[in-house]
Amino acid sequence: MARGVVPRQPARTGRQDKVRVSRAPSPAKPKQRAHEVTTAPGRAKSSAPRQKAAVSSGKAAKAYKAIAPERVSEILKRLNDLYPEVTCALTHNSAWELLVATILSAQSTDVNVNRVTPELFRKYPSVEAFAALTPEQLEPDVRSTGFFRNKSKSVVGAAKKIVSDFGGQVPDDIEKLLTLPGVARKTANVVLGTWFKKAEGVVVDTHVHRISRRLELTKENDPQKIEQDLMKIVPRERWILFSHQVIWHGRKLCFARKPNCVDCPLENICHAGDKTWSTVETHKGAVG
């Protein structure tokens, strides 16, 4: 080879002088029809059935209505079978005693309140006896129920107003009851429904709050708004018993942290997202 002559290098394209690189032809792909989708090599599946199924499931989901009259009726029927004759668990012998016990039950258990009230009512046997106290005098007697300072103010304040404005008798009117210190709609509904047998509203305590949301009877979180939702779908003649039944259900089966779904007769019509066991589809938004 003569000095200074460099042999030509192969081109980067793989081509040299008059030399072509032959490539094996790619296998022809079968044409895919517009209505087919390939699910695996060599297999084609029509998308038409899938689209139809999606539409059908959408219709089924749309058809489900949590507060449909027939579903609400079934819930009420099963609650009747479970708790046919339940009533308020707070021990009392008068409207006044029930009012006091209900005020003390806030952020406490009925069992704890029932341990406190017998001695409390023996020590102060009438509304007038409570009215003669100062809140500070009552505090030691109700300390174990929690928030005892506020509760003492409410009980003594309610007693004084009942004596001065209502002749020593607990009023059986919701508007008058709501003027008493420490009395909101929940307490007023408990007294009216349990003692006076008047259905003026639905008691919404922590159990009713939680279970009504789990059963999708309401989406609200505010007790007053929950009450309004329940009053629209539960017949008025069931307001009092419904509250007691749901409260007992919350104590017996539908616990806050770990509901006993496997033993619950309402399980197959409950879609709560926080169920511990389920035979039906659950809904994320339905939680207590």
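Check the entry above for the structure.
Small disclaimer: the values here were computed from a predicted structure and weren't measured.

The rules behind the values
Residues numbered from 1 in each chain as written. Predicted model: local features only at pLDDT ≥ 70, side-chain atom pairs only at ≥ 80, totals over all residues. Heavy atoms only, no water. Helix = DSSP H or I, 4+ residues; strand = E, 2+ residues; numbered from the N terminus. Buried < 20%, exposed > 50% of the residue type's maximum accessible area, 1.4 Å probe, protein only. Contact = heavy atoms within 4.5 Å. 1 Å grid on protein atoms, 1.4 Å probe; cavity = no way out; pocket = protein on both sides within 12 Å on 5 of 7 lines; lining within 4 Å. Points joined across faces, edges and corners; volume = space filled by probe spheres on them. Nonpolar A, V, L, I, M, F, W, Y, C, P; charged D, E, K, R; others polar. Axes fitted to C-alpha atoms, helices over the stretch in contact; angles between N-to-C directions. Parallel < 35°, antiparallel > 145°, perpendicular 65-115°, else oblique. Arc of directions from axis to C-beta. Salt bridge = Lys/Arg side-chain N within 4 Å of Asp/Glu carboxyl O.

> Teacher, can you tell me more about the overall build of the protein chain here?
Regarding its fold elements, the protein chain presents twelve helices and two strands. Starting at the N terminus and ending at the C terminus, the protein chain contains elements arranged as β-β-α-α-α-α-α-α-α-α-α-α-α-α. By residue count, 39% of the 288 residues in the protein chain fall in the buried class. Contacts in the protein chain between residues at least 24 apart in sequence constitute 54% of all its contacts with a sequence separation of at least 6.

> I keep staring at empty space enclosed by the protein and nothing clicks. Help me out?
Remark: the empty space left among the atoms is shown by a probe the size of a water molecule rolled over them. This model, assessed by the stated rule, comprises two cavities of 30 Å³ or more. Estimated volume of the largest cavity: approximately 130 Å³. Around the largest cavity, the lining comprises 15 residues; the ones closest to its centre are His 249, Cys 254, Cys 261, Cys 264 and Cys 270. Here the lining of the largest cavity is built from residues that sort into ten nonpolar, two polar and three charged. By volume, the second largest cavity amounts to about 60 Å³. Residue lining of the second largest cavity: Asn 189, Val 190, Gly 193, Thr 194, Gly 201, Val 202, Val 203, Trp 239, Ile 240, Ser 243 and His 244, and that is the complete set.

> Before we go on, may I ask you to explain the packing of helix H10 (residues 206–214) against helix H12 (residues 239–252) in this structure?
Packed helices, taken two at a time, are described by the angle between their axes plus the distance between the axes. Running from N to C, H10 and H12 point in directions that differ by 85°, and their axes come no closer than 8 Å. The angle between H10 and H12 places the two elements in the roughly perpendicular class. Contacts between H10 and H12 involve His 207, Val 208, Arg 210 and Ile 211 from the former and Ser 243, Val 246, Ile 247, His 249, Gly 250 and Arg 251 from the latter. Tallied by class, residues from the contact of H10 with H12 come to four nonpolar, four polar and two charged.

> Would you mind showing me how to read helix H6 (residues 135–142) here?
For the α-helix, the turn length of 3.6 residues means that residues three or four positions removed from each other point alike. Residues Leu 138, Glu 139 and Val 142 constitute the buried set of H6. Projected down its long axis, H6 carries its buried residues within an arc of 125°, all on one side. With respect to the buried face of H6, the exposed residues turned more than 90 degrees away are Glu 136 and Pro 140. Its buried side turned inward, H6 meets helix H3 (95–104), helix H4 (110–123), helix H5 (127–131) and helix H7 (148–165).

> How should I be thinking about the layout of surface pockets in this particular structure?
Taken as a whole, the largest pocket spans an internal volume of roughly 770 Å³. Lining the largest pocket are 33 residues, and of these Ser 105, Ala 106, Ser 108, Lys 186 and Asp 205 lie nearest its centre. Listing elements by their share of the lining of the largest pocket, those giving two or more residues are H3, H4, H7, helix H9 (185–194), H10 and H12. Residues belonging to the lining of the largest pocket are distributed by class as follows: twelve nonpolar, 15 polar and six charged.

> Just to check I follow, could you spell out the pattern of salt bridges for this structure?
Any two side chains of opposite charge can pair if their charged atoms end up close together. Per the counting criterion, the structure on display carries eleven salt bridges. Put simply, Asp 141 and Lys 123 hold a salt bridge, and the shortest N to O gap is 3.1 Å. In this pair, Asp 141 sits in helix H6 while Lys 123 sits in helix H4, placing the two residues 18 residues apart along the sequence. For Lys 161, the salt bridge goes to Asp 165, with nearest N and O atoms at 2.7 Å. Separated by four residues within a single helix, Lys 161 and Asp 165 lie in helix H7, roughly one turn from each other.

> What exactly am I supposed to notice about unusual backbone geometry here?
Excluding glycine, a negative phi dihedral is what most residues carry, and trans is how most peptide bonds are arranged. Of note, the phi angle at Phe 147 is positive, near 50°, even though the residue is not glycine. Note that Phe 147 resides in the loop between H6 and H7. In this structure, Glu 216 is a non-glycine residue whose phi angle is positive, near 65°. For Glu 216, the position within the fold is in the loop between H10 and helix H11 (223–233). Its relative accessible area of 18% is what places Glu 216 among the buried residues.

As far as function goes, none of this settles anything; it's purely spatial.
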